[in-house]
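Geometric and topological summary
The lines below spell out each chain.
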Amino acid sequence: MINKKSKLLKYLIIFISLFFIIFLFLIFIDGFNNNKNSNNKIIVENTFKIIKESNIKKDGKVYGYQLLRFKGKDNPSYGIYYPNGNIDNKKETVVITAPYLKIDWSGEKIDSFHLDAVSISKNTESANLFLINNFSVLIVFARFYEKGDINDDVNDIIAGLLFLENKTEKIGIWGSSWGGFEALYASINSPVKPLVGTISYPPSDMELWLNWTYLMQKEYFWKPYQKKIIDGSGGNYSNWDYDYINNNLKTQFLIIHAFEDTLVPFNHSYQLVKNSDKFNEMWLHKIEKELSHGEPTHGGLLPFEHTISTIYLMSKLTSRDLISAVDKKAIDFYINDLELFQNQGIDINWSILLFENLFKPNIKYYDVETSKLITSQELKMEFQPKLSRIGIVIK
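As a starting point, this report considers the structure included with it. These numbers were taken from a predicted model, which means no experiment stands behind them.

As for the overall build of the chain
Counting secondary structure elements, the chain contains twelve helices and twelve strands. Taking all 395 residues of the chain together, the buried fraction comes to 60%. Pairs at least 24 apart in sequence give 75% of the contacts found in the chain among residues at least 6 apart. Accessible surface computed for the chain: about 16,500 Å², of which carbon and sulfur atoms make up 49%.

Let's talk about helix H12 (residues 376-388)
Taking 1.5 Å of rise per residue, 13 residues should cover 18 Å, and H12 covers 17 Å from first to last C-alpha, within 8% of that figure. Remark: the principal bend of H12, roughly 40 degrees, maps to Glu-382, with a proline, Pro-385, within the next four residues. Inspection of H12 places Ser-376, Leu-379, Lys-380, Phe-383, Gln-384 and Leu-387 among the buried residues, and these make up the whole buried set.

Regarding unusual backbone geometry
A positive phi angle is found at Asp-59, which is not glycine, with a value near 55 degrees. One can find Asp-59 in the loop between strand S1 (49-58) and strand S2 (61-70). Residue Asp-59 is classed as buried on the basis of its relative accessible area of 18%. Unlike most non-glycine residues, Tyr-201 shows phi in positive territory, near 55 degrees. You can see Tyr-201 is positioned in the loop between strand S7 (196-200) and helix H5 (206-213).

Some details on the packing of aromatic side chains
To describe a pair of aromatic rings, one takes the distance between the centres and the angle between the planes. Summed over the entire model, instances satisfying the criterion amount to 27 aromatic pairs. Ring plane angle 20 degrees and centroid distance 5.7 Å describe the contact between Phe-48 and Phe-163, whose orientation is recorded as stacked. Taken together, the residues span a long stretch of sequence, with Phe-48 in the loop between helix H1 (2-26) and S1 and Phe-163 in helix H3 (residues 150-163) at a distance of 115 residues. Residue classification places Phe-48 among the partly exposed residues on the basis of a relative accessible area of 43%. Residue classification places Phe-163 among the buried residues on the basis of a relative accessible area of 10%. Three or more aromatic residues link up through ring pairs in this structure, and these residues are Trp-178, Phe-181, Tyr-185, Trp-209, Trp-212, Phe-221, Trp-222, Tyr-225 and Trp-240. The ring of Phe-163 carries Lys-167 above its face, with NZ or CZ at 4.4 Å from the centroid. When the ring centre of Phe-135 is taken as reference, the NZ or CZ atom of Arg-320 above it lies at 4.7 Å.

Examining the nonpolar core
It is characteristic of soluble globular proteins that their nonpolar side chains tend to be buried jointly. Residues Phe-279 and Phe-355 are the most contacted members of the largest nonpolar core, which totals 118 residues. If sequence neighbours within four positions are ignored, Phe-279 has contacts with Leu-184, Ile-199, Ile-245, Leu-249, Gln-252, Phe-253, Ile-255, Leu-272 and Val-273.

A look at the pattern of salt bridges
Applying the stated criterion across every chain yields a total of 14 salt bridges. Across the pair Glu-92 and Arg-320 runs a salt bridge whose closest N-O atoms are separated by 2.8 Å. Here the residue Glu-92 occupies a position in strand S4 (residues 90-97), and Arg-320 occupies one in the loop between helix H9 (304-317) and strand S10 (322-326), the gap between them amounting to 228 residues. Under the relative-accessibility criterion, Glu-92 is labelled buried at 7%. What makes Arg-320 partly exposed here is its relative accessible area of 26%.

Details of the pairing of strand S11 (residues 363-367)
Burial analysis of S11 places four of its five residues in the buried class, the great majority of the element. When S11 meets strand S12 (residues 373-375), the two strands line up antiparallel, connected through three bridges. Its bridge partner lying in S12, Lys-364 is registered against Thr-375. Taking the residues that link successive antiparallel strands as the turn, the S11-S12 hairpin has five residues, and the phi of Ser-371 there is positive, at about 65 degrees.

Details of the packing of H3 against helix H6 (residues 219-233)
In contact at an axis separation of 7 Å, H3 and H6 are set at 85 degrees when each is read in the N-to-C sense. Relative to H6, the element H3 lies roughly perpendicular. Between H3, through Ile-150, Asn-151 and Asp-153, and H6, the contact on the second element is made entirely by Lys-228, Ile-229, Gly-232 and Ser-233. Considering only residue class, the contact of H3 with H6 consists of two nonpolar, three polar and two charged.

Topic: the side chain of Glu-182
Summarising the element assignment, Glu-182 is placed in helix H4 (residues 178-189). Lys-228 provides the closest opposite charge to the buried, unpaired Glu-182, separated from it by 6.6 Å. Once residues within four sequence positions are removed from consideration, Glu-182 is found in contact with Thr-97, Pro-99, Ala-142, Asp-153 and Ile-157.

Digging into H4
When the terminal C-alpha atoms of H4 are compared, their 16 Å separation across twelve residues agrees well with the 16 Å that a helix rising 1.5 Å per residue should span. Among the twelve residues of H4, eleven are classified as buried, and the element is accordingly described as predominantly covered. Here H4 has its buried residues at Trp-178, Gly-179, Gly-180, Phe-181, Glu-182, Ala-183, Leu-184, Tyr-185, Ala-186, Ser-187 and Ile-188.

Points about the sheet that holds S11
Taken together, three strands build an open sheet; the order of strands is S10-S11-S12 and the sheet is mixed. Each edge of the open sheet is held by one strand with a lone partner, namely S10 and S12. Ignoring which end each strand starts from, the neighbouring axes of this sheet average 35 degrees apart. Each of S10, S11 and S12 is contacted by H12, which is oriented at about 75 degrees to S12, the strand it contacts most.

The rules behind these values
Residues numbered from 1 in each chain as written. Predicted model: local features only at pLDDT ≥ 70, side-chain atom pairs only at ≥ 80, totals over all residues. Heavy atoms only, no water. Helix = DSSP H or I, 4+ residues; strand = E, 2+ residues; numbered from the N terminus. Buried < 20%, exposed > 50% of the residue type's maximum accessible area, 1.4 Å probe, protein only. Contact = heavy atoms within 4.5 Å. Areas by Shrake-Rupley, 256 points an atom, 1.4 Å probe, with all protein chains shown as cover. Expected span 1.5 Å × (residues − 1). Bend = angle between axes of the 7 residues up to and from the residue. Phe/Tyr/Trp six-rings, centres within 6.5 Å; stacked < 30°, edge-to-face > 60°. Lys NZ or Arg CZ within 6 Å of the ring centre and 35° of its normal. Core = buried A, V, L, I, M, F, W, Y, C linked by side-chain atoms within 4.5 Å. Salt bridge = Lys/Arg side-chain N within 4 Å of Asp/Glu carboxyl O. Pairing = 2+ DSSP bridges. Axes fitted to C-alpha atoms, helices over the stretch in contact; angles between N-to-C directions. Parallel < 35°, antiparallel > 145°, perpendicular 65-115°, else oblique. Nonpolar A, V, L, I, M, F, W, Y, C, P; charged D, E, K, R; others polar. Lys, Arg positive; Asp, Glu negative; His and termini not counted.

Here it is in structure tokens:
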């Protein structure tokens, strides 16, 4: 039993950490792969296709998956779908945007852009927490490396959302950095709307972000993004700004951002929260670093924002019992940061919702330090006195 728990814990931690780590690492890399081995003779039809169906075993369970080509607006996009049960009758599905992850299984020209492709096994590990909690999962691989524009990147995700029409009752969407931008604008523009989403460090007002990048060092890093924005907007940003988001967004999002972000200014997310009731916020204090969303200020096995982001998403999709992982030290660190914000005159009332989600009675957690299973109410009893110190009381 202990071995099974340890194994489950391993996969829980891997999921919660993997996508944040991948996105925050890959954002440091030059945005485009200039691989010269592209086979331009391959003609790809813009039609839906099941490229492969198979099964994979994770944590003692067998999950079926489909490797898919989606019909897009102008070009196809690709994804892995884990129905996690009845393929045509899943109540909740989580969509993960993966703009930087690479594939080599389509047999089509997109493979030639992708060195160091991520394996099916690794993708399954990244989806495993949602799978354990009985969600179906769709990972959409946007065509970032094919040098399209911002319309292409968003349309890739929309193609994945359209695939889910009539396959699920509720959709949650998750994305970080450029994947957060894709999740945000796809949610607005897709006729199939996610109910809820979690996005971290997303560029949002594209003209403002474009102009900001021109002021930054390391011009080579920014050029691929600048080209995407210029080509996709054609100089008209009316569909790519704060007003467009505020006037058209139907999905409820948790938005996570650090004050010290040097890739996407914190003010991007602050303005969204300030002007729309469609955003709940989680602000972070990190160490500033060049070309980074910020480095953690504390140690610990599992950053608190990783736990909160997945719990927020899952608990908005279902009221059934859930399981996740938590690092108590990370909670202590975050409460300390909230006290720091408070001492700087920053209102921290927004954090109440985060702890309300953390302490929902239908959630159990694996403590990553002790490997023991604890209830959310036990967690609440332990941390309410510390929260009371900064004026936060969770009923």
